[in-house]
Amino acid sequence: MIFDILTLFPRMFAAPLGESIVGKAAERGLIEVRTHNIRDYAKGKHQVTDDRPFGGGEGMVMKPEPIMRALDKLKVEDPQPWVVLLSPQGNLFKQETAWKLSLLPRLVLICGRYEGVDERIAKYAADEEISIGDYVLSGGEFAAMVAIDAITRLIPGVLGNAASVQTETFSESLLEFPQYTRPQEYRGNKVPDVLLSGNHRAIKDWRRGQALLRTKLRRPDLFGRLQLSSDDLRFLRIAEKHLVEAAEEINCIDD
Ligand SMILES: C[S@@+](CC[C@H](N)C(=O)[O-])C[C@H]1O[C@@H](n2cnc3c(N)ncnc32)[C@H](O)[C@@H]1O
């Protein structure tokens, strides 16, 4: 998959995208990340990319022409890209968005700065506006990195263990179960016995119950969308019972 990033700050991307899973995916040719400096598409001696807003107001707005020129060049190349404008006003980027975008051969990500990008880019040039959350960043660069990371790990061959993306948080509207590693006991806190039992069936059921309980407590919005089987209800009841018992044990110690 090819990512084309339109930005005023191309140097921001090298280190974050050059390391770990995304960096290795690029080394192995599973993805290609290209940065394009919007300023290179601005005309005139000063290569101006922003201007004051019509109607007055604070700050500067990114001009449409340099971005359009860059897009004109990229859009005629093969494969044809899907164009995303990063914006706090866009559709919320979710795991399902990452899955959808991971199927594309090529993605253009436009990073805004200042007060944002002239509205005509959203209206006439971008296929979609995407927000990574309900907060305002200073620029779209970090949003682009978040999207690239989340998308890349879903591309076949990128993760060593492909099964992990099927069980992790947000697959099936469910938060992932709690994970533990060595040591078995740390500062008096023990790993749940079931995980040391070697009983794979019991571990699977416990994990399912914990995932359901977590989702119910932390993300009732996601929990409400789940279709629970009779087994799920049983695993959830057991997880809730364990939670109550653990709370009672702590109360006993306090008393
Ligand atoms: C300071 S913001 C502009 C905010 C704009 N004035 C508004 O109120 O909607 C500058 C740029 O950062 C990027 N950005 C900020 N927050 C973002 C978010 N939550 N998701 C994606 N991009 C964001 C966008 O590209 C935006 O054009």
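How each quantity is defined
- Position labels on residues start from 1 in each chain and follow its written sequence.
- Where totals are concerned, whole chains, interfaces and linings use all residues; where local detail is concerned, this predicted model gives features only for residues with pLDDT of at least 70, and gives and counts side-chain atom pairs only at 80 or more.
- By convention in this description, side-chain values take in all heavy atoms of the structure and omit both hydrogens and water.
- Numbering of helices and strands runs from the N terminus, with a helix taken as a DSSP run of H or I at least four residues long and a strand as a DSSP run of E at least two residues long.
- Throughout, radius of gyration means the C-alpha value; the globule benchmark is 2.2 Å times the number of residues raised to the power 0.38.
- Buried, partly exposed and exposed residues are distinguished by accessible area as a fraction of the type maximum, computed with a 1.4 Å probe on protein chains only: under 20%, between the cut-offs, and over 50%, respectively.
- Any two residues having at least one pair of non-hydrogen atoms within 4.5 Å are treated as being in contact.
- Computed by Shrake-Rupley with a 1.4 Å probe, the accessible areas treat only the displayed protein chains as cover when residues are assessed.
- This count recognises Lys and Arg as positive and Asp and Glu as negative, with His and chain-terminal groups excluded.
- Think of each charge as sitting on NZ of Lys, CZ of Arg, CG of Asp or CD of Glu.
- For cavity detection a 1 Å grid was placed over the protein atoms alone, and a set of points counts as a cavity when a 1.4 Å probe fits there but cannot get out; an open set counts as a pocket when protein lies on both sides within 12 Å along at least five of seven lines, with lining residues being those that have an atom within 4 Å of a point.
- Grid points are joined across faces, edges and corners, and a volume is the space filled by probe spheres set on the points.
- Basically, the charged four are Asp, Glu, Lys and Arg, the nonpolar ten are Ala, Val, Leu, Ile, Met, Phe, Trp, Tyr, Cys and Pro, and anything else, Gly included, counts as polar.
- Reported domain spans reflect what an automatic or database domain assignment gives.
- Definition used for salt bridges: Asp or Glu carboxyl oxygen within 4 Å of a side-chain nitrogen of Lys or Arg.
- Pairing between strands is defined by DSSP: at least two bridges between them are needed.
- Axis definition: a line fitted to C-alpha atoms, limited for helices to the stretch in contact. Angles are taken between N-to-C directions and run from 0 to 180 degrees.

Draft legend 1. Molecular detail of the overall build of the protein chain. What the protein chain contains, in helices and strands, is 11 helices and 9 strands. Against the compact-globule benchmark of 18 Å for 255 residues, the protein chain has a radius of gyration of 24 Å, which places it well outside the compact range. Each principal axis of the C-alpha distribution contributes one length, and for the protein chain these read about 75 × 45 × 35 Å. Out of the 255 residues in the protein chain, the part that is buried amounts to 41%. Counting contacts in the protein chain only where the partners sit at least 6 residues apart, residues at least 24 apart contribute 76% of the total. Carbon together with sulfur atoms contributes 52% to the accessible area of the protein chain, which is approximately 15,700 Å² in total. Taken together, the 34 basic and 37 acidic charged side chains of the protein chain have centroids lying 3 Å from each other.

Draft legend 2. Up close: the layout of surface pockets. Taken as a whole, the largest pocket spans an internal volume of roughly 830 Å³. Lining the largest pocket we find 26 residues, and of these Tyr180, Lys190, Pro192, His242 and Ala246 sit closest to its centre. Residue assignment for the lining of the largest pocket shows that the elements contributing at least two residues are strand E9 (189-190), helix H9 (200-218) and helix H11 (230-254). Among the elements that take part in the lining of the largest pocket, H11 stands out by supplying 9 residues, more than any other. Its residues assigned to classes, the lining of the largest pocket comprises 15 nonpolar, 5 polar and 6 charged. For the second largest pocket, the calculated volume is near 490 Å³. What lines the second largest pocket is a set of 26 residues, among which Leu86, Ser87, Pro88, Glu115 and Gly116 lie closest to the centre.

Draft legend 3. Representation of the domain arrangement of the protein chain in the model. Here the protein chain is partitioned into domain 1 (2-152) and domain 2 (172-254). Here the C-alpha centroids of domain 1 and domain 2 sit 40 Å apart.

Draft legend 4. Spotlight on unusual backbone geometry. Residue Asp78 is joined to Pro79 through a cis peptide bond whose omega torsion reads -5°. With an omega of 5°, the peptide bond between Arg182 and Pro183 qualifies as cis. When you line up the elements, Pro183 lands in the loop between helix H7 (164-167) and strand E8 (185-186). Of note in this structure, Ser20 is not a glycine but carries a positive phi near 55°. As for its position among the elements, Ser20 is in helix H2 (residues 20-27).

Draft legend 5. Up close: the pattern of salt bridges. Counting across every chain of the model gives 17 salt bridges. One salt bridge connects Glu65 with Lys63, and the closest N-O pair in it is separated by 3.6 Å. For Glu65, a relative accessible area of 36% corresponds to the partly exposed category. Classification of Lys63 by relative accessible area gives partly exposed; the value is 22%. A salt bridge links Glu245 to Lys241, with the nearest nitrogen and oxygen atoms 3.5 Å apart. Note that Glu245 and Lys241 are positioned in helix H11 at a spacing of 4 residues, about one turn of the helix. When salt bridges that share partners are traced, they join Asp4, Glu32, Arg34, Lys73, Glu77 and Arg106 into one network.

Draft legend 6. Examining the side chain of Asp4 more closely. Looking at the element boundaries, Asp4 is found in strand E1 (residues 2-7). In this view, Asp4 contacts Arg34, His36, Leu74, Arg106, Leu107, Val108 and Leu109; residues no more than four positions away in its chain are not counted.

Draft legend 7. Just the sheet that holds strand E2 (residues 32-37), in detail. Spatially, 5 strands are ordered E2-E1-E6-E5-E7 in an open sheet, and the strand pairing comes out parallel. Every other strand in the sheet has two partners, leaving E2 and strand E7 (128-131) as the edge strands with one partner each. Within this sheet the neighbouring strands show an average axis-to-axis angle of 30°, counted without direction. In the sheet, E1 pairs with E2 via 6 bridges, with the strands oriented parallel. Across the sheet, the residue bridging to Thr7 is Asn37, located in E2.

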